[in-house]
Amino acid sequence: MRMTKYIGIAAVFTALLCQAGWGRETPIDSYAATVNNRVITAGEVLAIFQPIEQQLNDTYEGQELEKKLSEAYTNALNALIDKALILEEFINQGGTLSDRAVEDYVNSIIHDRFNNDRAAFFEALAEERMTLDDWKAEMKDRLTVT
């Protein structure tokens, strides 16, 4: 089964992160898991995990904190694995999204989050060190998964 291909990697990586201080010393370009031909990097997982990590650090201590951090990291990794599996299955079944549907989705996000202020939108992209094409590709994936 496809899932067995990444479960071992995820478990080993999670254990390494526990020992390394939750990724602060882990290069963000290292592999967290692979789902068939798709690589999920530690950076992708940490992008989801780090905002949660701060909340947990503010709320818990000691072993309870370590347990919560481990669960949060595993949940972030599993969310990315699920996303990769969904996208792969969508493509394997011949699914496509029209460019118009993607553009409408992108425009609605810019409207809702940035009040149609494209300058603010491009500033946010620059802060994230993301190109417009990369962001659109991410939004296409998000729309597909949704």
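Everything discussed here concerns the structure shown above.
Residues numbered from 1 in each chain as written. Predicted model: local features only at pLDDT ≥ 70, side-chain atom pairs only at ≥ 80, totals over all residues. Heavy atoms only, no water.

**Student:** Report on a negative patch on the surface, specifying residues and quantitative values.
**Tutor:** Residues Asp-117, Glu-123, Glu-127 and Glu-128 make up a contiguous surface patch of negative charge. Considering the arrangement of structural elements, one finds Glu-128 in the loop between helix H5 (118–127) and helix H6 (132–145). (Patch = residues over 30% accessible without salt bridge, like charges linked within 9 Å, V, L, I, M, F, W, Y side chains within 5 Å. Areas by Shrake-Rupley, 256 points an atom, 1.4 Å probe, with all protein chains shown as cover. Salt bridge = Lys/Arg side-chain N within 4 Å of Asp/Glu carboxyl O. Lys, Arg positive; Asp, Glu negative; His and termini not counted. Charge placed at Lys NZ, Arg CZ, Asp CG, Glu CD. Helix = DSSP H or I, 4+ residues; strand = E, 2+ residues; numbered from the N terminus.)

**Student:** Outline the pattern of salt bridges, supporting the account with residue identities and numerical values.
**Tutor:** Summed over all chains, the structure comprises 5 salt bridges. Note that Glu-138 and Lys-83 form a salt bridge whose closest N and O atoms lie 2.7 Å from each other. Residue Glu-138 is found in helix H6, and its partner Lys-83 is found in helix H3 (residues 62–92); the two are separated by 55 residues along the sequence. Between Lys-136 and Glu-103 there is a salt bridge whose closest N-O contact spans 3.0 Å. With a gap of 33 residues between them, Lys-136 in helix H6 and Glu-103 in helix H4 (residues 99–114) connect regions that are remote in the sequence. Judged by its relative accessible area of 28%, Glu-103 is partly exposed. (Buried < 20%, exposed > 50% of the residue type's maximum accessible area, 1.4 Å probe, protein only.)

**Student:** Which residues make up helix H2 (residues 42–59), and what values do they have?
**Tutor:** The end-to-end C-alpha separation of H2 is 24 Å, in line with the 26 Å expected for 18 residues at 1.5 Å each. At Phe-49, H2 shows its largest kink, close to 40 degrees, and the proline Pro-51 lies no more than four residues downstream. Looking at H2, one finds that the buried residues are Ala-42, Val-45, Leu-46, Phe-49, Glu-53 and Leu-56. (Expected span 1.5 Å × (residues − 1). Bend = angle between axes of the 7 residues up to and from the residue.)

**Student:** Go over the packing of H4 against H5 with me, naming the residues and quoting the values.
**Tutor:** In the contact formed by H4 and H5, the axes pass within 10 Å of each other and the chain directions differ by 95 degrees. By the angle between their directions, the pair H4 and H5 is classed as roughly perpendicular. Residues Asn-107, Ile-110 and Phe-114 of H4 form the contact with H5, whose participating residues are Arg-118, Ala-120, Phe-121 and Ala-124. The class makeup of the residues in the contact of H4 with H5 is 5 nonpolar, 1 polar and 1 charged. (Axes fitted to C-alpha atoms, helices over the stretch in contact; angles between N-to-C directions. Parallel < 35°, antiparallel > 145°, perpendicular 65-115°, else oblique. Contact = heavy atoms within 4.5 Å. Nonpolar A, V, L, I, M, F, W, Y, C, P; charged D, E, K, R; others polar.)

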